[in-house]
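Okay, here's what each chain looks like letter by letter:
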Amino acid sequence: MSLVRLNIKGISYSQTQNGAYALILNEVDGDRKLPIVIGAFEAQSIAIALEKEIRPPRPLTHDLFKNFSDRFDIVVKQVIIHKLVDGVFYSSLICERDKIEEIIDARTSDAIALALRFQAPIFTYKNILDKAGIYLKVNPKKEDEEEQDSILVDDLIVEEIEAASAEQEGYKNKSLEELNTLLEEAVNNEDYEMAAQLRDEISKR
């Protein structure tokens, strides 16, 4: 079975499961997206890894794993999403130490959080992408059959974008000093979503 490389398109709040998030993976050499439902902690960990400028005051679990691995010369070479059963994705970490390769079973959300920290590529098998992959529609007003069958990923993120935009409007009235104080408080409180919004506003000044 051929492997297909994926990258991370984004994370949004899941509209179907309370307290869960949708991690959207994107086919590198194609247009299909692979949505995976993950928990809030894993979503936060992945978001922090994506936001290079935000560092938590203490290491998160995935950071601890990375530090531990570095100390003992263990490298995560790649992540493979290798199975899909009843809507649940199963993944493996391909690790290497002293030129000996080991395969470790992992939850997909944990595997991706670690892949980001190790800068390891993410893959899935073509048959999984054929089964669970969806197309992101650019123009939702078209009503041909093919487009009616596809799922709108945009709908997953509209409410979150609107909420973030409304909050960012309030930041425009703050001084740079106030924004930096709020940013420090957000990081200390581990509210990394707010920290990312504050960082974006500061960078505009």
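Calculation rules
Residues numbered from 1 in each chain as written. Predicted model: local features only at pLDDT ≥ 70, side-chain atom pairs only at ≥ 80, totals over all residues. Heavy atoms only, no water. Core = buried A, V, L, I, M, F, W, Y, C linked by side-chain atoms within 4.5 Å. Buried < 20%, exposed > 50% of the residue type's maximum accessible area, 1.4 Å probe, protein only. Helix = DSSP H or I, 4+ residues; strand = E, 2+ residues; numbered from the N terminus. Contact = heavy atoms within 4.5 Å. Phe/Tyr/Trp six-rings, centres within 6.5 Å; stacked < 30°, edge-to-face > 60°. Lys NZ or Arg CZ within 6 Å of the ring centre and 35° of its normal. Polar contact = N/O pair within 3.5 Å; in protein donor to acceptor, adjacent residues only side chain to side chain.

A short note on the nonpolar core
Phase 1: Membership of the largest hydrophobic core comes to 35 residues, with the highest contact counts inside it found for Leu 25, Leu 34, Ile 46, Ile 81, Phe 89 and Leu 93.
Phase 2: Broken down by element, the residue count for this core peaks at seven residues, all from helix H3 (residues 108-118).
Phase 3: Those residues within four positions of Leu 93 in sequence are excluded, and the remaining contacts are Val 76, Gln 78, Val 79, Glu 102, Ile 103, Ile 104, Ala 106, Ala 111 and Leu 114.
Phase 4: Core analysis: the next-biggest nonpolar cluster, separate from the first, contains eight residues, Leu 179, Ala 186, Val 187 and Leu 198 among them.

Comments concerning the packing of aromatic side chains
The relation between two aromatic rings is expressed through the spacing of the ring centres and the mutual angle of the planes.
Phase 1: Scanning all chains against the criterion turns up one aromatic pair.
Phase 2: For the cation-ring pair, Lys 66 lies above Phe 118, with the distance from its terminal atom to the ring centre recorded as 5.1 Å.
Phase 3: A cation over an aromatic ring shows up here: Lys 83 above the ring of Tyr 90, its NZ or CZ 4.6 Å from the ring centre.

Observations concerning the side chain of Arg 117
Phase 1: For Arg 117, the position within the fold is in helix H3.
Phase 2: A distance of 3.1 Å separates the side chain of Arg 117 from the side chain of Ser 45, its partner in a polar contact.
Phase 3: Not counting residues within four places of it along the chain, the set of residues in contact with Arg 117 comprises Ser 45, Ala 49, Leu 60, His 62, Asp 63 and Lys 66.

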